[in-house]
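Take a look at the letters that make up each chain.
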Amino acid sequence: MSNPFSSLSISDASYAFVLECEKKLAPYFAQINEVEETNQSRVLAAFGSEGVAARHFAQTNGYGYDDIGRDTLDRVFARALCAEDAIVRPNFVSGTHAIFTALAGLMKAGDTMLAASGKPYDTLERAIGIVGDEYGSLKNLGVNYKQIELDKNGKIDVEAVINSMNDSVKVVYVQRSRGYAWRDSILPQEMERLFMEVHKNYPDAITVVDNCYGEFTTPAEPTVFGADVIIGSLIKNPGGGIAPTGGYIAGKKQFIEQIANRLTVPGMGREVGSYAASYEPFFHGLFMAPHTTAQALKSAMLFGCVFETIGMETMPRLGAVRSDIVQSVKMGGPVPLVALCQAIQRVSPIDSNVVPEPWDMPGYNTQVIMAAGAFVQGSSIELSADAPICEPYIVYIQGALTYVHGKIGVMAALDEMVRKKEIRL
Ligand SMILES: *Cc1c(COP(=O)(O)O)cnc(C)c1O
C-alpha cells in the first residue's frame, strides 16, 4: 500500500488510519449517491424546462429591464428548489442579507416573528434586534420577536410553538442547519407537522426557513413540506463552489412578489436589476450543486468518523441522517483545535502558507479561529473550519469541493495532532 499523499507530507500512519475509517463509510456513501442522483435529475430537468441557452449568460447593465438571464435564473432556481418562484441575485451580499430582506419584506410594525428552532444564527441577532436596537433592525421597525427552544431531544416543540402563537405572529421561522450550535440539523420532513399546524390554526402566518447549508443534502427541500419561503447563500451549497457571491429567496409567488418590493422599490419589484458580469457562474454553480454538496457531505462524514474513532464526541454521529453539511467535533482542548484548523489551512489551495491564529473577531465574546483557504472569500462550501476558543472546544467543519480534499484535510489534521503530542496513532 503506497501512500499517494506523500507529496503533501501526509504520514503513512495517518493514511492507513483514515483508510480503515473509510471502509465503514461505504453504505452511507451509497445513500449520499442516491440523494445526489435525485437532486441532479431535478436540477437538470429545471434547466431543460426553462430552455437554458448561452444567451442567458449575457451581461446586462443599467436598469436591467427584460434581463432574460436574471429572469431565467430565477425560474431555474425555483424549479430546482421545489418552489413556485424565486429571486436569485448576485447583489445579495450574504445569506444574512437575503434572510433580512425576506423578513423585512414579509413583516411590518406590530407583527411578530416567532423563531421555532431556538435562537437564529449569530449574524441575525442584531438584524432582528435580539441584541441591541440598531437603526433599521426589525425591532427598530416595530416588529416584535419571540423564540421557542427546541425540546430536549433537539426537535421542534410543535405544541409549545402553537400555544405561544396569536394573530400578531406573521412569520414562523425555522433554521434548518445546526449553524454554530451543538444541536442536530432539522430534516425537511421534520418541519411538516409544525407547518401544517401553523397553516391550519393561523392561515395568515407565513412559514420561513433559513435553508443555509441544507440545500441538496436531502432529496427534497422544505418547500415540499409546507415552507412558504426558504432562503440561502450562493457561497454555500446552491452555488456549487462556482457562484462568486449572492443569495436566493424561493417560495410561494405571492410572498416572493412582496419581498421583491422590499428588495428594490414598490412598483418596480423584480423587473429591474442588471449584472455587468456573466450569469454563467450562477447557472454552472447550480448545475454542480448536487454533486458538490454530496462531496461536502462525504467529507463531513469522514471527519466525523475519524474523530469518533479516536474517541472524541462528534455531532452528527456516524450513521445519522444529515440535513446540513456541517460536522461538529468536541476537540477536548485548545491545542488539538488549533492544530486541526492550522492543518486544514496548510492543505488549502489558497493561502496555504498562512498560519491561522485565534483572534478577537468583532461580534464574538471569545477568541475565534478560522481556517479557510478558499477561491471565493469566506465560502464555506469549500473546505473550512471555525471554532470559538472556549469550553467545550467545539470545531465546526464544513465543505470540500472534492471528497479527496476533505480526506487530505483530515489526514493533515491527524498528523498535526500527533506532532503536538495530542494523540498517537
Ligand atoms: C451561513 C449561514 C447564514 C448566513 O450567513 P452569511 O455569512 O451571512 O452568508 C445563516 N444561517 C445559517 C444557518 C448559516 O449557516
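Structural data are supplied above this passage.
Residues numbered from 1 in each chain as written. Predicted model: local features only at pLDDT ≥ 70, side-chain atom pairs only at ≥ 80, totals over all residues. Heavy atoms only, no water.

**Thoughts on empty space enclosed by the protein**
Under the criterion given, the structure shown has one cavity of 30 Å³ or more. Looking at the largest cavity, its volume works out to about 30 Å³. If you trace the largest cavity, you find it lined by R70, R89, P90, N91, G273, S274, Y275 and Y279. For the lining of the largest cavity, a count of residues per class yields three nonpolar, three polar and two charged. (1 Å grid on protein atoms, 1.4 Å probe; cavity = no way out; pocket = protein on both sides within 12 Å on 5 of 7 lines; lining within 4 Å. Points joined across faces, edges and corners; volume = space filled by probe spheres on them. Nonpolar A, V, L, I, M, F, W, Y, C, P; charged D, E, K, R; others polar.)

**Some remarks on the sheet that holds strand β4 (residues 169-175)**
Strand order in this open sheet of seven strands is β1-β7-β6-β5-β4-β2-β3, and the pairing throughout is mixed. Unpaired on one side and paired on the other, β1 (85-89) and β3 (144-147) mark the two borders of the sheet. Direction aside, neighbouring strands of the sheet carry axes that sit 20° apart on average. As judged from the four bridges shared by strand β2 (residues 112-115) and β3, these two strands associate in the parallel manner. (Pairing = 2+ DSSP bridges. Helix = DSSP H or I, 4+ residues; strand = E, 2+ residues; numbered from the N terminus. Axes fitted to C-alpha atoms, helices over the stretch in contact; angles between N-to-C directions.)

**Some details on the sheet that holds strand β12 (residues 394-398)**
Spatially, the five strands line up as an open sheet ordered β8-β9-β12-β11-β10, and their pairing is antiparallel. Edge strands, defined here as strands with exactly one partner in the open sheet, are β8 (313-315) and β10 (368-372). Averaged over neighbouring strand pairs, the angle between their axes works out to 15° when direction is ignored. Set on the sheet, helix α9 (residues 280-309) makes contact with β8, β9 (327-330) and β12; between it and β9 the angle comes to about 20°. Of the strands in this sheet, β10, β11 (384-388) and β12 are in contact with helix α10 (residues 334-346), which crosses β10 at around 25°. (Contact = heavy atoms within 4.5 Å.)

**Thoughts on the site of the ligand**
Residues in contact with the ligand, as listed here, are S94, G95, T96, I99, Y121, Q175, S177, D210, C212, Y213 and K236. Between the ligand and the protein, one listed contact pairs an oxygen atom with a side-chain N or O atom of K236 at 2.8 Å. Summarising the interface, the protein chains cover 88% of the accessible area of the ligand, which totals 380 Å² for the free molecule. With three residues, the top contributor of residues to the shell around the ligand is helix α4 (residues 95-106). Here the shell around the ligand is composed, by residue class, of four nonpolar, five polar and two charged. (Near = heavy atom within 4 Å. Polar contact = N/O pair within 3.5 Å; in protein donor to acceptor, adjacent residues only side chain to side chain. Areas by Shrake-Rupley, 256 points an atom, 1.4 Å probe, with all protein chains shown as cover.)

**Some details on the pattern of salt bridges**
A side chain of one charge can pair with a side chain of the opposite charge if their charged atoms are brought near each other. With the rule as written, the count across this model stands at 23 salt bridges. Of the charged contacts, one joins R270 and D74 as a salt bridge, the two residues approaching to 3.2 Å between their closest N and O atoms. Of the two residues, R270 sits in the loop between α8 (253-263) and α9 while D74 sits in helix α3 (residues 68-80), which places them 196 residues apart along the sequence. With a relative accessible area of 3%, D74 lands in the buried category. When salt bridges that share partners are traced, they join D74, D85, R89, K253, E257 and R270 into one network. (Salt bridge = Lys/Arg side-chain N within 4 Å of Asp/Glu carboxyl O. Buried < 20%, exposed > 50% of the residue type's maximum accessible area, 1.4 Å probe, protein only.)

**Topic: the layout of surface pockets**
The probe, sized like a water molecule, is rolled over the atoms to show the empty space still left. Roughly 270 Å³ of volume is contained in the second largest pocket. What lines the second largest pocket is a set of 17 residues, among which Q31, V35, T217, V321 and R322 lie closest to the centre. Considering every element that reaches the lining of the second largest pocket, the biggest residue donor is helix α2 (residues 26-49), with four residues. Of the residues contributing to the lining of the second largest pocket, the split by class is eleven nonpolar, five polar and one charged.

**A look at the environment of T245**
With respect to the secondary-structure elements, T245 resides in the loop between β6 (229-233) and β7 (247-251). Classification of T245 as partly exposed rests on a relative accessible area of 26%. Between the alpha carbons of T245 and G406 there is a distance of 23 Å; along the sequence they are 161 residues apart. Setting aside chain neighbours within four positions, we find T245 in contact with P90, F92, V93, L234, I235 and F282.

**Brief notes about the pairing of β12**
Within β12, five of the five residues are buried, which leaves the element mostly enclosed by the surrounding structure. The pairing of β9 with β12 spans four bridges and is classified as antiparallel. Its bridge partner being in β12, S328 is matched across the sheet by Y396. Strand direction decides the pairing type here: β11 and β12, joined by three bridges, are antiparallel. Of the residues in β12, the one forming a bridge with S384 is Q398.

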